[in-house]
Amino acid sequence: MPTGELRYASPPKPMANSSAGGYEDEGWLWAQIKAEARRDAESEPALASYLYSTILSHSSLERSLSFHLGNKLCSSTLLSTLLYDLFLNAFTSDPSLRSAAVADLHAARQRDPACVSYSHCLLNYKGFLACQAHRVAHLLWQQSRRPLALALHSRIADVFAVDIHPAARIGKGILFDHATGMVVGETAVIGNNVSILHHVTLGGTGKAGGDRHPKIGDGVLIGAGATILGNINIGEGAKIGAGSVVLIDVPPRTTAVGNPARLVGGKEKPSKHEDVPGESMDHTSFISEWSDYII
């Protein structure tokens, strides 16, 4: 094997009956991340100190992730040591946060061809990092530590350009691809195995309070720049085309495109697909049914 080449083991298979795409062996993933970091430190000595401090010096994924988030989100008045303790306590005390982080890492690695390694996602994918930090803010919100949850929410928005209200509920196996400009409102719900591109808004329609934001089903794909407004349901396995504006429910396994969005195949008998778009990342297969526009 050539010097510097890393031989990858096959990832463990998803657990049976896991709607979130969880994996049996979290230890496998952490060992893989450390192996990738060692390879990169050897091939690029300029990164050796950085990789040691963020990954190689830590005994677990939650410690590495807590350290990295603490350094990313700290400020002159919100110290990295305080944030590290906050994140580590959350990840250690709540196993669901750890399993969600593992599922999200697998989602990025499997769905995004630009993701060259798990360690690359852990260190550099701001959508992944924003999502993990949001999970901790959401835990704080549930614990009625709302001033701290809102302070963390503000830092996440400042640093990552991803604005997710700490009350919003998010499942596992999530890919926020690029993520810049994402806005997710207070009462929004995002299911499992969902993929969302940049500049997507899950918003309300006015200043009324209460349950006012979209509910996104499992396996949904939302294209770049899409705007989904109001307390509406995007059905399981649905696809929202890039730039669409969605104001009413979208049935499961259908595709909505346009401004205002319309269902491919028509409202009465919309075309249905068999794949899970949130996993396949298929953005354009509907176009032959939707448009006769030819370049």
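Okay, so let's go over this structure. (Residues numbered from 1 in each chain as written. Predicted model: local features only at pLDDT ≥ 70, side-chain atom pairs only at ≥ 80, totals over all residues. Heavy atoms only, no water.)

1. Description of the overall build of the protein chain
Turning to step 1, where the next piece is worked out: For the protein chain, the helix and strand inventory stands at 10 helices and 15 strands.
Turning to step 2, where the next piece is worked out: Counting over 295 residues, the protein chain shows a buried share of 50%.
Turning to step 3, where the next piece is worked out: As displayed, the protein chain offers around 13900 Å² of accessible surface, 53% of which is attributable to carbon and sulfur atoms. (Helix = DSSP H or I, 4+ residues; strand = E, 2+ residues; numbered from the N terminus. Buried < 20%, exposed > 50% of the residue type's maximum accessible area, 1.4 Å probe, protein only. Areas by Shrake-Rupley, 256 points an atom, 1.4 Å probe, with all protein chains shown as cover.)

2. Focus: the nonpolar core
Turning to step 1, where the next piece is worked out: Core analysis: the biggest nonpolar cluster contains 77 residues, and L152, F176, I190, I222 and I234 have the highest contact counts within it.
Turning to step 2, where the next piece is worked out: Looking at which element gives the most residues to this core, the answer is helix α7 (residues 126–142), with 10 residues.
Turning to step 3, where the next piece is worked out: When sequence neighbours within four positions are dropped, the list of residues in contact with I234 reads K215, I216, G217, V220, I228, I240, V246 and V250. (Core = buried A, V, L, I, M, F, W, Y, C linked by side-chain atoms within 4.5 Å. Contact = heavy atoms within 4.5 Å.)

3. A look at the side chain of H68
Turning to step 1, where the next piece is worked out: With respect to the helices and strands, H68 occurs in helix α3 (residues 61–73).
Turning to step 2, where the next piece is worked out: Discounting residues that sit within four places of it in the chain, H68 has contacts with Y50, T54, L122, L123 and L129.

4. Considerations on unusual backbone geometry
Turning to step 1, where the next piece is worked out: That bond from N259 to P260 is cis: its omega, -5°, falls within 30 degrees of zero.
Turning to step 2, where the next piece is worked out: Residue A161 is not a glycine yet carries a positive backbone phi of 60°.
Turning to step 3, where the next piece is worked out: In this structure, R253 takes a positive phi of about 60° despite not being glycine.
Turning to step 4, where the next piece is worked out: Residue position: R253 is located in the loop between β13 (245–246) and β14 (255–258).

5. Remarks on the packing of aromatic side chains
Turning to step 1, where the next piece is worked out: This model, assessed by the stated rule, comprises 1 aromatic pair.
Turning to step 2, where the next piece is worked out: Consider the rings of W28 and Y118, whose centres lie 5.9 Å apart with planes at 90°: the pair is edge-to-face. Note that W28 is positioned in helix α1 (residues 26–43) and Y118 in helix α6 (residues 118–124), a separation of 90 residues in sequence. Residues W28 and Y118 agree in their burial class; the two are buried.
Turning to step 3, where the next piece is worked out: Over the face of the ring belonging to Y118 we find R109, whose NZ or CZ atom lies 6.0 Å from the ring centre. (Phe/Tyr/Trp six-rings, centres within 6.5 Å; stacked < 30°, edge-to-face > 60°. Lys NZ or Arg CZ within 6 Å of the ring centre and 35° of its normal.)

6. With respect to the sheet that holds strand β9 (residues 221–222)
Turning to step 1, where the next piece is worked out: If you walk across this open sheet you meet the 6 strands as β3-β6-β9-β12-β14-β15, and the pairing is mixed. Strands at the two margins of the open sheet, each flanked by one partner only, are β3 (175–176) and β15 (261–263).
Turning to step 2, where the next piece is worked out: Where strand β6 (residues 195–196) lies against β9, 2 bridges are found, and the strand directions are parallel. Bridging across to β9, S195 finds its partner in L221. (Pairing = 2+ DSSP bridges.)

7. Topic: the pattern of salt bridges
Turning to step 1, where the next piece is worked out: A full pass over the atoms with the stated rule returns 6 salt bridges.
Turning to step 2, where the next piece is worked out: Of the charged contacts in the structure, one is a salt bridge between D40 and R39, with a shortest N-O distance of 2.9 Å.
Turning to step 3, where the next piece is worked out: You can call D40 partly exposed: its relative accessible area is 21%.
Turning to step 4, where the next piece is worked out: One salt bridge connects D211 with K215, and the closest N-O pair in it is separated by 2.7 Å. (Salt bridge = Lys/Arg side-chain N within 4 Å of Asp/Glu carboxyl O.)

8. Points about the sheet that holds strand β2 (residues 169–170)
Turning to step 1, where the next piece is worked out: Ordered in space as β2-β5-β8-β11, the 4 strands form an open sheet in which the pairing is parallel. Looking along the sheet, the strands with just one partner apiece sit at the ends: β2 and β11 (233–234).
Turning to step 2, where the next piece is worked out: Bridge analysis of strand β8 (residues 215–216) against β11 gives 2 bridges, and the strand direction is parallel. Bridge pairing links I216 to I234 in β11.

9. A word on helix α5 (residues 95–111)
Turning to step 1, where the next piece is worked out: Here α5 contains 17 residues, and its C-alpha end-to-end distance of 24 Å stays within 8% of the 24 Å for a straight helix at 1.5 Å per residue.
Turning to step 2, where the next piece is worked out: Taken across its 17 residues, α5 has 12 buried, putting it largely inside the fold.
Turning to step 3, where the next piece is worked out: Considered for burial, the residues of α5 that qualify are L97, S99, A100, A101, V102, A103, D104, L105, H106, A107, A108 and R111. (Expected span 1.5 Å × (residues − 1).)

10. Looking at the pairing of β14
Turning to step 1, where the next piece is worked out: Examined bridge by bridge, strand β12 (residues 239–240) and β14 share 2 bridges and lie parallel to one another. For I240, the partnering residue across the bridge sits in β14 and is A256.
Turning to step 2, where the next piece is worked out: Of the strand pairs in this sheet, β14 and β15 are connected by 3 bridges, and their pairing is antiparallel. Pairing of G258 across the sheet is with A261, part of β15.
Turning to step 3, where the next piece is worked out: Where β14 folds back onto β15 in an antiparallel hairpin, the turn is made up of 2 residues.

11. Some remarks on helix α8 (residues 146–160)
Turning to step 1, where the next piece is worked out: End to end, α8 covers 21 Å across 15 residues, agreeing with the expected 21 Å (1.5 Å per residue, within 8%).
Turning to step 2, where the next piece is worked out: Within the span of α8, buried status applies to A149, L152, H153, R155, I156 and F160. The arc that holds the buried residues of α8, viewed along the axis, is 165°, so those residues lie on one side. Residues P147 and D158 are exposed on α8 and point more than 90 degrees away from its buried face.
Turning to step 3, where the next piece is worked out: Lining the buried residues of α8 we find α3, α4 (80–93), α7 and β1 (162–164).
Turning to step 4, where the next piece is worked out: In the stretch just after α8, A161 is the one whose phi turns positive, near 60°. (Arc of directions from axis to C-beta.)

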